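# Report on the structure
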There are 2 protein chains.
Amino acid sequence: MARTAIGIDLGGTNIKAGLVAEDGTVLAQAEAKTLAHEGPDAVMGRMAVLAGQMRGKAEADPVGLGVGSPGPLDPSVGQIYFTPNMPGWDGYPLGARLADRLKMPVRVENDANCAALAEHWRGAGQGTKTMILLTLGTGIGGGIIVDGKLVNGTRVTAGEVGHIVINDKGPKCGCGNHGCLEAYCGTAGIIARARELLDKPGTVSMLIEMAGRDFEKLSPALIGQAAKKGDGPAISIYKETGRLLGLGIVNLVNIFAPEVVILGGGVAANGAFIFPAVRDEVKRRAMRPGNEQVRIEAAAMGNDAGLIGAAGLLLH
Amino acid sequence: MARTAIGIDLGGTNIKAGLVAEDGTVLAQAEAKTLAHEGPDAVMGRMAVLAGQMRGKAEADPVGLGVGSPGPLDPSVGQIYFTPNMPGWDGYPLGARLADRLKMPVRVENDANCAALAEHWRGAGQGTKTMILLTLGTGIGGGIIVDGKLVNGTRVTAGEVGHIVINDKGPKCGCGNHGCLEAYCGTAGIIARARELLDKPGTVSMLIEMAGRDFEKLSPALIGQAAKKGDGPAISIYKETGRLLGLGIVNLVNIFAPEVVILGGGVAANGAFIFPAVRDEVKRRAMRPGNEQVRIEAAAMGNDAGLIGAAGLLLH
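Residues numbered from 1 in each chain as written. Chains lettered and ligands numbered in written order. Predicted model: local features only at pLDDT ≥ 70, side-chain atom pairs only at ≥ 80, totals over all residues.

### What to know about the overall build of chain A
- Scanning chain A from terminus to terminus reveals eleven helices and twelve strands.
- Taken over C-alpha atoms, the radius of gyration comes to 20 Å for chain A, in line with the 20 Å a tight globule of 316 residues would show.
- For chain A, the spread of C-alpha atoms along the three principal axes comes to 65 × 45 × 35 Å.
- The buried share of chain A, taken over its 316 residues, is 55%. (Helix = DSSP H or I, 4+ residues; strand = E, 2+ residues; numbered from the N terminus. Rg over C-alpha atoms; globule rule 2.2 N^0.38 Å. Buried ≥ 20, exposed ≤ 12 C-beta atoms within 10 Å, placed from the backbone.)

In structure tokens form, the structure reads like this:
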């Protein structure tokens, strides 16, 4: 009988679970609302229920459960350090509680790291030795794989690629620092640049109408729609986002000389405008020969990356 | 009989060789001028002669030769990619030539990586899993150790920590990019900031007399001497250097969450002024808990770090 593992992707809104085969195929799936306001024990309980459902679908008992969780955490013991978007989780021993409930091996890893493992296992990083994933969304997460293994820090966290400083006098970031990549290329940073551009006297853009003249309605998705219709200001917003992303990636290329840097997440959906600017900046600024060797590619694993990578923690 | 290896530190001015015991002790040493203008074959020949001398001092034949060499190189085959300060070395198969001459295993690694290995083996990084060394001098080199192993890039280079961009509109760097850490905290960057400060009307500093009113004579060592005598402007130059170094280190801490960041090289000799500023900046800007956990320490291995680390390539 085939070896399987259960993977869970714990998000701020939904919990996604899957039964994953040894080759990375998802054999069964289930989902529940996170309802994070009910606190960690309630959420952990829902995770255990989903895991139980997946276990019931397996021919032989799965080898264990892998969880991709937000926030810095200690993967060696499965303890959450803190989660910026789910209050009350500081120090929560998620791995131990789940193992106790399910009586099976449990491993917990940062969600972006799980996505990176999935891309390395089955996606755009397959066959590489050194690769970096950046997930672009409200924030910027990431995972770094060196010699086929995740780069994990001393005890709790590493791979915080969203918090590379590209300008020490730049805008304030959610982490408390200034000028982080996330402050420029996360959702808030993109919208701030869009507002600034649209506010300029004389700017002509369909975005103004599309947002119903209400800047509160600006979103990366809306800017992307306008860009796809050929709107100049919208295109320039994404090009600038690509340039800034490229600046951060230059640092990663100089540090790791990776084979591939993979961009995933919502903003990457507007890749046609972002990728050329990222590639230009990396080629122009990073050291040779790393700048010539590195590929900049779109993520290939889609929305199941997190749970597949989490299951992979147990499968190899 | 004890296992030994030969280590060579190839510098732009001198070649240093040593016979190194399995515990990292240097049993014998020899040195020669590099005379780089004579070209790579002549320099390789001098390296082979020194290695032969070290071999003659060993009780049993050493297990091999390790070389720490400047510039990006391919450690898998011992080929130099290019050396900014030694022309004519592009593509030179240093490892193969030496192995051919000496009939013994040869490994070649970047010199800053060798110094990092030495600090990890016997110095300020002993017993750590993840550590980073920055060597401060004319340029800024570095080595990164994760899970006890050097971070090496895909094919040729990685760990170019001196070329982390801290401000995309910053001064031009020797690598062609703008605003690299090296452009701020390498020798030229420090001197440029000193000139700017001393040029300001009203600046009172003993540095002006110490340099004989000739700004061409300014050097990090001279600025350090003035700082140690309590000269305000000299102290502020080093404090600012520390702050800027800290900015670069914030990026490394957010990426690697290392146990220790080690500062070595000439500039680190003025550590009393630099270290507090580095530590402040890291604590203030890097993500918790990495910012609290990381130690910022002075290198402990001195001038033999390069050859000891190079020998270590063969010894473990």
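Still to come is the rest of the account.
### A closer look at the relation of the copies chain A and chain B
- For the match of chain A to chain B, the screw axis carries a shift of 0.0 Å, the RMSD comes to 0.0 Å, and the turn is 180°. Overall, the copies show the geometry of a two-fold rotation axis. For chain A, the residue whose C-alpha comes nearest the rotation axis is A:N167, separated from it by 2.3 Å.
- Interface overlap between copies is the fraction of interface residues in one copy that are interface residues in the other; for chain A against chain B it reaches 100%, indicating a shared surface. (Least-squares fit on C-alpha atoms with pLDDT ≥ 70 in both. Contact = placed C-beta atoms within 7 Å.)

### With respect to the sheet that holds strand β10 (residues 149-150) of chain A
All names here are of chain A.
- Spatial strand order, β10-β9-β8-β11-β12: five strands in an open sheet with mixed pairing. In this open sheet, the two edge strands, each paired with only one partner strand, are β10 and β12 (295-298).
- Both strand β11 (residues 260-265) and β12 contribute to a ladder of four bridges, which runs parallel. Bridge assignment links V261 to a residue of β12, and that residue is I296. (Pairing = 2+ DSSP bridges.)

### Focus on the packing of helix α8 (residues 232-256) of chain B against helix α9 (residues 271-285) of chain B
All names here are of chain B.
- Remark: α8 packs on α9, axes separated minimally by 7 Å, with the N-to-C direction vectors making an angle of 40°. Judged by the angle between their axes, α8 and α9 are oblique. For the element pair α8 and α9, the recorded crossing hand is right-handed. Within the contact between the two elements, α8 uses I235, Y238, K239, T241, G242, R243, L245, G246, L247, I249, V250 and V253 and α9 uses F273, I274, F275, P276, A277, V278, D280, E281, V282 and R285. (Axes fitted to C-alpha atoms, helices over the stretch in contact; angles between N-to-C directions. Parallel < 35°, antiparallel > 145°, perpendicular 65-115°, else oblique. Left-handed = near helix turned anticlockwise from the far one by under 90°.)

### A closer look at the environment of A:G264
All names here are of chain A.
- If you trace the backbone, G264 turns up in strand β11.
- Here the alpha-carbon distance between G264 and G142, two residues 122 residues apart in the chain, equals 9.3 Å.
- For G264, the residues in contact, after removing those within four places along its chain, are A115, L133, T135 and A299.

### Overview of the interface of chain A and chain B
- Contacts between the two partners involve 36 residues from chain A and, on the opposite side, 36 residues from chain B.
- Looking at the side of chain A that touches chain B, the elements with two or more residues in it are α8 (232-256) and α10 (290-293) of chain A.
- Top element by residues in the side of chain A that touches chain B is α8(A). It accounts for six residues.

### Here we look at the confidence of the model for chain A
- Residues of chain A with pLDDT of at least 70 account for 97%, and the chain-wide mean is 91.
- In the predicted complex, the global pTM is 0.84; the interface-specific ipTM is 0.79. (pLDDT = per-residue confidence, 0-100.)

### Section: the packing of helix α1 (residues 40-57) of chain B against helix α2 (residues 94-102) of chain B
All names here are of chain B.
- One way to put it is that α1 packs onto α2 with a least axis distance of 10 Å and a crossing angle of 45°. Classed by the angle they form, the pair α1 and α2 counts as oblique. The chirality of how α1 crosses α2 is right-handed. For the pair formed by α1 and α2, the contact residues are M44, M47, A48 and A51 on the first element and L94, R97, L98, R101 and L102 on the second.
- Considering only residue class, the contact of α1 with α2 consists of seven nonpolar, no polar and two charged. (Nonpolar A, V, L, I, M, F, W, Y, C, P; charged D, E, K, R; others polar.)

### A look at the domain arrangement of chain A
Residues and elements named next belong to chain A.
- On domain assignment, one finds that chain A holds domain 1 (4-118 + 304-315) and domain 2 (127-299).
- Between domain 1 and domain 2, the C-alpha centre-to-centre distance is 27 Å.
- Counting from both sides, the interface comprises twelve residues of domain 1 and, opposite them, 16 residues of domain 2.
- For the side of domain 1 that touches domain 2, the secondary structure elements donating two or more residues are β5 (73-74) and α3 (111-122).
- Sort the elements by how many residues they give to the side of domain 1 that touches domain 2 and α3 lands first, with five residues. (Domains from an automatic or database assignment.)

### A word on the pairing of strand β8 (residues 131-136) of chain B
Residue and element names in this part refer to chain B.
- The buried count for β8 comes to six of six residues, which makes it a mostly enclosed element.
- Here β8 shows two buried faces, one formed by M131, L133 and T135 and the other by I132, L134 and L136.
- The pairing of β8 with strand β9 (residues 140-146) spans six bridges and is classified as antiparallel. Counterpart to L133 in the pairing with β9 is G143.
- The turn linking β8 back onto β9 is made up of three residues.
- When β8 meets strand β11 (residues 260-265), the two strands line up parallel, connected through six bridges. Looking at the pairing, T135 lines up with G264 of β11.

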